[in-house]
Amino acid sequence: QVRLVQSGGGLVQPGESLRLSCAATGDIVMINTMGWYRQVPGKERELVANITSGGRTNYADSVKGRCTISRDNAKKTVYLQMNSLKPEDTAVYYCQSDIATSFVAMTDYWGQGTQVTVSS
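It should be emphasised that the depicted structure is a prediction, and the values quoted were computed from it without experimental measurement. (Residues numbered from 1 in each chain as written. Predicted model: local features only at pLDDT ≥ 70, side-chain atom pairs only at ≥ 80, totals over all residues. Heavy atoms only, no water.)

### Describing the environment of Val12
Its place among the elements puts Val12 in strand S2 (residues 10-12). Discounting residues that sit within four places of it in the chain, Val12 has contacts with Ser17, Leu18, Leu85, Thr117, Val118 and Ser119. (Helix = DSSP H or I, 4+ residues; strand = E, 2+ residues; numbered from the N terminus. Contact = heavy atoms within 4.5 Å.)

What follows is the structure in structure tokens.
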């Protein structure tokens, strides 16, 4: 069984930084793209950033220059470093990964979500 276990998040003041982590566990054969999404009440979940297995990154315009996504393939972990946080970054953040196991073809998996609140 594959699980994505998130850590990090919390309450920070505007301008501060935060790092989110997400570790994939289970019978994993291959991980392709890993990413971070966020959602606020009443709105659709939106992509924040993703990174391919080869390290190619993609960012939402709203976080370009402020956030950095990275991954450690050996640890099956993806990170999101968020700097210069703004109140509009407040949301529940979810990690997502495309994972293949010994018995299941490439499938979309999601973390449990973690609240990030930016407020003075």
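### Looking at the environment of Asp61
Here Asp61 is to be found in the loop between strand S6 (57-59) and strand S7 (67-72). Asp61 gets classed as exposed once you look at its relative accessible area, which sits at 65%. One polar contact links Asp61 to Lys64, side chain to side chain, over a distance of 3.2 Å. (Buried < 20%, exposed > 50% of the residue type's maximum accessible area, 1.4 Å probe, protein only. Polar contact = N/O pair within 3.5 Å; in protein donor to acceptor, adjacent residues only side chain to side chain.)

### A look at the pattern of salt bridges
Across all of its chains, the model carries 4 salt bridges by this definition. Close ionic contact of Arg66 with Asp89 constitutes a salt bridge, the shortest N to O distance being 2.8 Å. Here Arg66, found in the loop between S6 and S7, pairs with Asp89, found in the loop between strand S8 (77-82) and strand S9 (91-101); they are 23 residues apart in sequence, far enough to count as distant. You'll find Arg66 and Asp89 in the same group, each marked buried. (Salt bridge = Lys/Arg side-chain N within 4 Å of Asp/Glu carboxyl O.)

### Digging into the nonpolar core
As a rule of thumb, nonpolar side chains are buried together in soluble globular proteins. Residues Trp36, Ile69, Leu80, Met82, Tyr93 and Ile99 are the most contacted members of the largest nonpolar core, which totals 30 residues. Elements represented by at least two residues in this core include exactly strand S3 (18-25), strand S4 (28-39), strand S5 (46-51), S7, S8, S9 and strand S11 (114-118). Discounting residues that sit within four places of it in the chain, Leu80 has contacts with Leu18, Arg19, Leu20, Trp36, Val48, Ala49, Cys67, Thr68, Ile69 and Tyr93. (Core = buried A, V, L, I, M, F, W, Y, C linked by side-chain atoms within 4.5 Å.)

### As for the packing of aromatic side chains
To describe a pair of aromatic rings, you give the distance between the ring centres and the angle between the ring planes. Taken as a whole and judged by the stated rule, the model has 1 aromatic pair. Note that Arg45 overlies the ring of Tyr94, its terminal NZ or CZ placed 3.7 Å from the centroid. Between Arg45 and the ring centre of Trp110, over which it is positioned, the NZ or CZ distance is 4.7 Å. (Phe/Tyr/Trp six-rings, centres within 6.5 Å; stacked < 30°, edge-to-face > 60°. Lys NZ or Arg CZ within 6 Å of the ring centre and 35° of its normal.)

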